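One letter stands for each residue in the lines below.
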Amino acid sequence: MLTRMPALALVLCFALTLAALARPITHQGGNAQRQIANAPARRTPARVPAPEDVLGFRPGDDRKLANWQTIVEYFQKLDAASDRVKFEEIGKTTLGAPFTVATISAPENLARLDEFKEIQRQLADPRTLGKDADQKAKQLVARGKTIVLITCGIHSTEVGSTLSSTLIAHRLASSNEPDVLNILRDTIVLLVPSLNPDGVDIVKRWYDKTLGTPYEGTTPPELYHKYVGHDNNRDWYAFTQVETQLTVDKIHNVWHPQIVHDIHQQGSLGARLFVPPYMKPVEPNVPPQIVEGYTELGNHIAGEMRAAGFKGITTNSSYDAWTPARAYSHYHGGVRILSETASAKVATPLTVKFDDLRPDEGYDPRKVSDKFPELWPGGEWKLRNITDYMTTAAFSLMKHAAQNRERWVGRFYEVGKEAVRERKAGEVYGFRIKASENTYPLLKILERAGVEIAWPKGEKPHKVAGDPTVVYPTQTIIVPLAQPYGNFAKAVLEKQTYPNLRDSSGDPITPYDVTAHTLPLLMGVEVAPITAPFKFSFLKKADVEVSIGDCTLMGREDIALYKSHVPSMDEGWTRWALKPCYENVTIKDAEMRRGNLRTKYHTIIIPDHSPRAILEGYKQGTMPDEYTGGLGADGVKALREFVEEGGTLVCLNKASNFAVEQLKLPVRDVTAGLKRTEFYVPGSILRTVLDTTHPIAVGMPKESIAWVEDSPAFEVSEQKEAGRVRVIARYPENADPLLSGWLLGGDKLRGKAALVEVALGKGRVYLFGFRPQYRGQSLATYPLLFNAITRAGAPTM
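Residues numbered from 1 in each chain as written. Predicted model: local features only at pLDDT ≥ 70, side-chain atom pairs only at ≥ 80, totals over all residues. Heavy atoms only, no water.

Trainee: Honestly, the overall build of the protein chain in this entry has me stumped. Any pointers?
Mentor: Looking only at helices and strands, the protein chain features 22 helices and 31 strands. For the protein chain, the residues scored as buried account for 63% of the 797 residues in total. If you take every contact in the protein chain between residues at least 6 apart in sequence, the share linking residues at least 24 apart comes to 80%. By element, 50% of the accessible surface of the protein chain is carried by carbon and sulfur atoms, the whole surface being about 29000 Å². (Helix = DSSP H or I, 4+ residues; strand = E, 2+ residues; numbered from the N terminus. Buried < 20%, exposed > 50% of the residue type's maximum accessible area, 1.4 Å probe, protein only. Contact = heavy atoms within 4.5 Å. Areas by Shrake-Rupley, 256 points an atom, 1.4 Å probe, with all protein chains shown as cover.)

Trainee: Mind showing me how you'd approach the sheet that holds strand β10 (residues 335–342) here?
Mentor: In a beta sheet, neighbouring strands are held together by backbone hydrogen bonds and run either parallel or antiparallel to one another. Spatially, the 8 strands line up as an open sheet ordered β1-β2-β4-β3-β5-β10-β6-β8, and their pairing is mixed. The open sheet terminates on both sides in strands that have one partner only, identified here as β1 (85–92) and β8 (313–314). In this sheet, strand β4 (residues 187–192) lies alongside strand β3 (residues 146–151) in parallel orientation, the contact comprising 6 bridges. Residue pairing across strands places I147 opposite I188, the latter belonging to β4. (Pairing = 2+ DSSP bridges.)

Trainee: Sorry, what's going on with helix α10 (residues 242–255) here?
Mentor: Because an α-helix packs 3.6 residues into every turn, residues spaced three or four apart end up facing the same way. When the terminal C-alpha atoms of α10 are compared, their 19 Å separation across 14 residues agrees well with the 20 Å that a helix rising 1.5 Å per residue should span. At V248, α10 shows its maximal bend, which comes to roughly 35°. For α10, a buried count of 12 out of 14 residues is recorded, marking the element as mostly surrounded by other parts of the structure. Along α10, the positions that sit buried rather than exposed are E243, T244, Q245, L246, T247, V248, D249, K250, I251, H252, V254 and W255. The positive-phi residue at the C-terminal boundary of α10 is H256, with phi of around 50°. (Expected span 1.5 Å × (residues − 1). Bend = angle between axes of the 7 residues up to and from the residue.)

Trainee: Sorry, what's going on with the nonpolar core here?
Mentor: A general tendency of soluble globular proteins is for nonpolar side chains to be buried together. Among the nonpolar cores identified, the biggest contains 154 residues, and M398 and L446 are the most heavily contacted of them. Counting residues per element, this core draws most heavily on helix α12 (residues 383–403), at 11 residues. Aside from chain neighbours lying at most four places away, what touches M398 is V148, I150, I168, L172, I183, T187 and V189. (Core = buried A, V, L, I, M, F, W, Y, C linked by side-chain atoms within 4.5 Å.)

Trainee: Is there a simple way to explain helix α11 (residues 288–307) in this structure?
Mentor: If you check α11, its first and last C-alpha atoms are 28 Å apart, about what 20 residues at 1.5 Å a residue would give, namely 28 Å. For α11, every residue scored as buried is listed here: Q289, I290, G293, Y294, L297, G298, I301, A302, M305 and R306. Residue G309 follows α11 closely and has a positive phi angle near 100°.

Trainee: Before we go on, may I ask you to explain the packing of aromatic side chains in this structure?
Mentor: Overall, the coordinates contain 23 aromatic pairs when judged by the stated rule. Note on Y74 and F75: the rings are 5.8 Å apart at their centroids and 75° apart in plane angle, and the pair reads as edge-to-face. Each member of the pair, Y74 together with F75, is buried. Relative to F786, the ring of Y782 lies with its centre 6.3 Å away and its plane at 15°, an arrangement referred to as stacked. Of the two residues, Y782 and F786 are both situated in helix α22 (residues 782–790); the distance of 4 residues between them amounts to about one turn of the helix. Ring pairs connect the aromatic residues F274, Y278, Y294, Y319 and Y512, which therefore count as one cluster. (Phe/Tyr/Trp six-rings, centres within 6.5 Å; stacked < 30°, edge-to-face > 60°.)

Structural measurements only, silent on function.
Here it is as structure tokens:
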């Protein structure tokens, strides 16, 4: 089993990952140094290359995708040809590709980038303005520009946005239309062609491989981000992935954009386009000026596009503004304008009949309503439609940003002014964090987000190993809320109470993502609100190296992680959680079906996945044969033999139901078959009680947590077999299980098991009724997972 020291080493490995890439942004190249007279943007050279000159096709053409190298090459040539464009690499992706951003504006603005950054820095933190702050701010607003960050391609199967980035950049670089010249004069556009360059190539390789086959237009049988797949857009407050860190460190925190336009695609059978306002609820720490801003801008885009003849646009539906996991800018002075355009079959056209359109949250695309005032009649939908909607929305947004420059820059200052004001009686003044082994990763998250950390007056701090200039308090850390990004700190430090929203039939309205994001609960850190004025001193930023002890997984080749051909984000997150300790051994369907697993493996981990996907995989005819079939009966038989011969099987969340059903284990899921009005928990943090005498829970606090999301809860189903089952974690008998988020029917969980060990032959099966490594955040339950993986010896009943 893991001792306390390896568990600490694991936490510190996580901390170092979070601390990576914190170097300040550097700029290279000559464009920004050119001195241009303060005059309207002049005509650029005649031979600004069009995207088709480099890509070999016009972006939006059917069945044509570009690889990442070609996209980068196009922007490099645009930089060389146009004095409106500055293109640079700001780091490397997970797989080592260049991560890039293009800064696009009038030449005279590009020559003064440092000046505009300084204006943004001061407006973001009005404390820097001293006396007469409002008057000084007025002068800065008059000189400032609207900073617009456009991010593309975070979800790589949504291929339209990276292609559209080339069209957007080309028009800005080459056109002398009045609207474009106004955009160049009054805004600075930061264009990220892809937030996931690795995925650009993963998707293109698969699309090209299947082009002209029955599988054309399918999605790859692997995650399009090495570790997190689609969840890369759920990382904007934990900052676990390299690409998130680069974007936050070197774009957001340098430029403080007033507008972030995040370009996405959605399913094929709903609206042709979504733009804000968002549907309820709005996370309570999002400033009202931000809500005002995204409502105004989203309605402008929708109205202008409808007037231009674009059909099927919805607002105030489908997507909410609850979680900071998707909206870093909402807590940093900028609106997030999410756009979601309907998809084709990757780059292959499809035909959608009007009667095949399907309702989504808040609207029905077959009926006129206030949220969907103009119907789309159905018909062919292709990549060209997608790029047309995307580029039109982007230019409508930029035009508004330019025409309302002073309003956007002034609103940005008002957000900062409200953030730094002194708190009043009845408000939360700050948070007190108890120092512990898990505190460091939490502080790294706060510091990356620009949150200032302090210690109480009178407490003697101690120096941190590795840097004698950095100190931490011995017992307590303070996070004051009267600071520019206090709302971010409050959002991730306090408990969430998600509103009990129901539709007209009484069913709960499904949140777009999850309902809880309380990092102290997830990380096992004690935090308490401060409700009275207090005195403190600010700490220096604690970017330090930490000595890490040996991990008990180092060098282990007898631990395998099951990887289905139906991609599972939890499989990726599990690999990410384990990677500080060992290079994961992956086991796939074919090897599982061959059997003789015990000769090679001590432990097999099956991450959160639907039982059907694990058992059946892709059906024949839907994917090439080598990717179909799942584990099947042979794989189930091999797994049973593996455990009976002394192996350890660790199942996470819904995968536990697979094990119960297929291995005929003597437990049942007490939530199975319940209606959503009877039991519903869409991503919340629940209270558990641990049996700390069990070997995998020794040394842990008795009171713990579970991240519960479409999760089972267990009880013994056959009393004669009860001796084979030991409960390791259960929900409390006499207390509300909910700690943060939303839970309906919590009484169904009282006294039920959240984690059990079941003996099977000479081996054991661990059934986790939750995700112990949830999105790389739930450090409080990491030791349970690691101890279950490595534990030796006979089952303990």
